[in-house]
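One letter stands for each residue in the lines below.
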Amino acid sequence: DAGVIQSPRHEVTEMGQEVTLRCKPISGHNSLFWYRQTMMRGLELLIYFNNNVPIDDSGMPEDRFSAKMPNASFSTLKIQPSEPRDSAVYFCASSNRGGNTEAFFGQGTRLTVV
Amino acid sequence: SQELEQSPQSLIVQEGKNLTINCTSSKTLYGLYWYKQKYGEGLIFLMMLQKGGEEKSHEKITAKLDEKKQQSSLHITASQPSHAGIYLCGAESDMRFGAGTRLTVKP
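Every chain begins its residue count from 1, and numbering advances along the sequence as written. To read the labels, note that chains go from A and ligands from 1, taken in the order they are written. Two thresholds apply to this predicted model, a pLDDT of at least 70 for residue-level local features and 80 or more for giving and counting side-chain atom pairs, whereas whole-chain, interface and lining totals are computed over all residues. Computation of side-chain values covers all heavy atoms of the structure but excludes hydrogens and water.

> Teacher, can you tell me more about the overall build of chain A here?
On a plain count of helices and strands, chain A comes out with zero helices and 11 strands. The globule rule is 2.2 Å times the number of residues to the power 0.38, and the radius of gyration it is compared with is taken over C-alpha atoms. A compact globule built from 114 residues should have a C-alpha radius of gyration of about 13 Å, and chain A, at 13 Å, falls within 12% of that. With respect to the three principal axes, the spread of C-alpha positions in chain A is 40 × 25 × 25 Å. Surface accessibility in these figures is a Shrake-Rupley result with a 1.4 Å probe; residues are shielded only by whichever protein chains are displayed. Surface summary for chain A: the accessible area is close to 5600 Å², and the carbon and sulfur share equals 49%. By the criteria applied, helices consist of DSSP H or I runs no shorter than four residues and strands consist of E runs no shorter than two, each listed in order from the N terminus.

Here's what the structure looks like:
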């Protein structure tokens, strides 16, 4: 397996534009996590899906952020409209929850909003 | 949610020295992860601890979970420049992580 695949790796966008980040989890994993990492706030859990259903979205900062998981092999994190303070590295991770196994992380998407 | 505090925030050691990083939880840990992150990259899994008193090793890195399951330590013996990076502890229960410890190893 190629691991968790995120795209794009880098994104630069203007304030006010819509941004969509994509994630392909490891095949067979039943859980997917979106994180945001900044120097100031560290690694924050944004939302967690189990079997494609959002279980915990308490970390989603505000209504500008939304996440979907239409099927077991794909998830998106959308920011609309984007703001400079959204600049961060966004990570996706997947795991087989309940199997006492670790979460595997993607390489991240570095988002810069100017 | 489970609050995880890591100490120190950053650490600079001379190559060959031993070091310890700590992770303390506000609640009982039912599973704790240790991950390492190099700059600009994703997190790499090191080990998972679940039982009180459990200790695991991976090459020169040893992690232990205390009997009360509220504190974990990660110890590196004879540090090398390849050990440099950010070490993060995470709670298995809610998949939230501590702020991380940034390790620099001077050759």
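Let's pick the thread back up.
> How should I be thinking about the sheet that holds strand 7 (residues 65–71) of chain A in this particular structure?
Strand pairing in a sheet relies on backbone hydrogen bonds, with the paired strands running either antiparallel or parallel. Residues and elements named next belong to chain A. When DSSP finds two or more bridges between a pair of strands, those strands are recorded as paired. Read from one edge of the open sheet, four strands run 1-3-8-7, paired in antiparallel fashion. At either margin of the open sheet sits one strand with a lone partner, and together these are strand 1 (5–7) and strand 7. Direction aside, neighbouring strands of the sheet carry axes that sit 15 degrees apart on average. As paired elements, strand 1 and strand 3 (residues 19–24) share three bridges and run antiparallel to each other. Within strand 3, the residue paired with Ile5 across the bridge is Lys24. Fitted lines through C-alpha atoms serve as axes, helices being fitted only where they are in contact, and the angles separating the N-to-C directions of these axes extend from 0 to 180 degrees.

> Teacher, can you tell me more about the layout of surface pockets here?
Gaps between atoms show up when a probe of the same size as a water molecule is rolled over them. A 1.4 Å probe that fits but cannot get out identifies a cavity on a 1 Å grid over protein atoms alone, an open set with protein on both sides within 12 Å along at least five of seven lines counts as a pocket, and a residue lines either if it has an atom within 4 Å of a point. Grid points are joined across faces, edges and corners, and a volume is the space filled by probe spheres set on the points. By volume, the largest pocket is sized at about 980 Å³. If you go around the largest pocket, you meet 41 residues; those closest to its centre are Gln37, Thr38, Arg41, Gly42 and Leu43 of chain A. When residues of the lining of the largest pocket are traced back to their parent elements, those giving at least two are strand 4 (31–38), strand 5 (42–50), strand 9 (88–95) and strand 11 (109–113) of chain A together with strand 9 (85–91) and strand 10 (101–106) of chain B. Residues of the lining of the largest pocket, tallied by class, amount to 14 nonpolar, 17 polar and 10 charged. Considered as a void within the structure, the second largest pocket measures approximately 230 Å³ in volume. Classes in brief: Ala, Val, Leu, Ile, Met, Phe, Trp, Tyr, Cys and Pro nonpolar; Asp, Glu, Lys and Arg charged; the others, Gly included, polar.

> Any chance you could explain the interface of chain A and chain B here in plain terms?
Interfaces are often sized by the accessible area lost when the parts come together. A contact between two residues is defined here by any heavy atoms of the two lying within 4.5 Å. Each partner contributes to the interface: chain A provides 20 residues, whereas chain B provides 19 residues. As a working definition, buried area equals the accessible area (1.4 Å probe) given up by two parts on being put together, with both sides summed. Carbon and sulfur atoms make up 47% of the area that chain A and chain B hide from each other, which totals about 1600 Å². Between Lys or Arg on one side and Asp or Glu on the other, a salt bridge is scored when a side-chain nitrogen of the former is within 4 Å of a carboxyl oxygen of the latter. Linking chain A with chain B are one salt bridge. Of the charged contacts, one joins Asp56 of chain A and Arg96 of chain B as a salt bridge, the two residues approaching to 3.3 Å between their closest N and O atoms. N or O atoms within 3.5 Å of each other form a polar contact, as long as, within protein, one can give a hydrogen and the other can take it, and as long as residues adjacent in sequence are counted only when both atoms are side-chain atoms. Put simply, chain A and chain B have five residue pairs in polar contact (both at pLDDT 80 or more) between them. For the side of chain A that touches chain B, the secondary structure elements donating two or more residues are strand 4 and strand 5 of chain A. Among the elements that make up the side of chain A that touches chain B, the one with the highest residue count is strand 4 of chain A (three residues). When grouped by side-chain class, the residues that make up the side of chain A that touches chain B number eight nonpolar, seven polar and five charged.

> What's the story with the state of the cysteines in this structure? I'm lost.
Two cysteines form a disulfide when their sulfur atoms are joined by a covalent bond. Note on disulfides: each one is a pair of cysteine sulfur atoms within 2.5 Å. Here the structure, examined in full by the defined rule, presents two disulfides over all chains. What pairs with Cys23 of chain A in a disulfide is Cys92 of chain A, and their sulfur atoms sit 1.9 Å apart. Between Cys23 of chain A and Cys92 of chain A, the S-S torsion sits near -65 degrees, and that sign places the bridge as left-handed. You can see Cys23 of chain A sitting in strand 3 and its partner Cys92 of chain A sitting in strand 9, a full 69 residues away along the chain. Comparing Cys23 of chain A with Cys92 of chain A shows no difference in burial state: the two are buried. Linked covalently through their sulfurs, Cys23 of chain B and Cys89 of chain B form a disulfide whose S-S length is 2.0 Å. Taking the torsion about the sulfur-sulfur bond, which here is approximately 80 degrees, the covalent link between Cys23 of chain B and Cys89 of chain B counts as right-handed. Note that Cys23 of chain B is positioned in strand 3 (residues 19–25) and Cys89 of chain B in strand 9, a separation of 66 residues in sequence. Between buried and exposed lies partly exposed: a residue is buried under 20% and exposed over 50% of the maximum accessible area for its type, with that area taken using a 1.4 Å probe on protein chains only.

> Explain the environment of Ile5 of chain A to me, please; I cannot follow it from the model alone.
Residues and elements named next belong to chain A. Counting through the fold element by element, Ile5 comes out in strand 1. Judged by its relative accessible area of 38%, Ile5 is partly exposed. Sequence separation between Ile5 and Ser87 is 82 residues; the distance between their C-alpha atoms is 20 Å. Ile5 has contacts with Arg22, Cys23 and Lys24, leaving out every residue within four places of it along the chain.

> Where do I start with unusual backbone geometry in this structure?
Leave glycine aside and you will find that most residues have negative phi; peptide bonds, for their part, are mostly trans. All names here are of chain A. Omega for the peptide link from Ser7 to Pro8 comes to -10 degrees, which places this bond in the cis form. Residue placement: Pro8 occurs in the loop between strand 1 and strand 2 (10–13). In this structure, Pro81 follows Gln80 across a cis peptide bond, with omega equal to -5 degrees. Within the secondary structure layout, Pro81 lies in the loop between strand 8 (74–79) and strand 9. Residues other than glycine seldom take positive phi values, yet Asn51 does so here, at roughly 50 degrees. Among the secondary structure elements, Asn51 is positioned in the loop between strand 5 and strand 6 (53–56).

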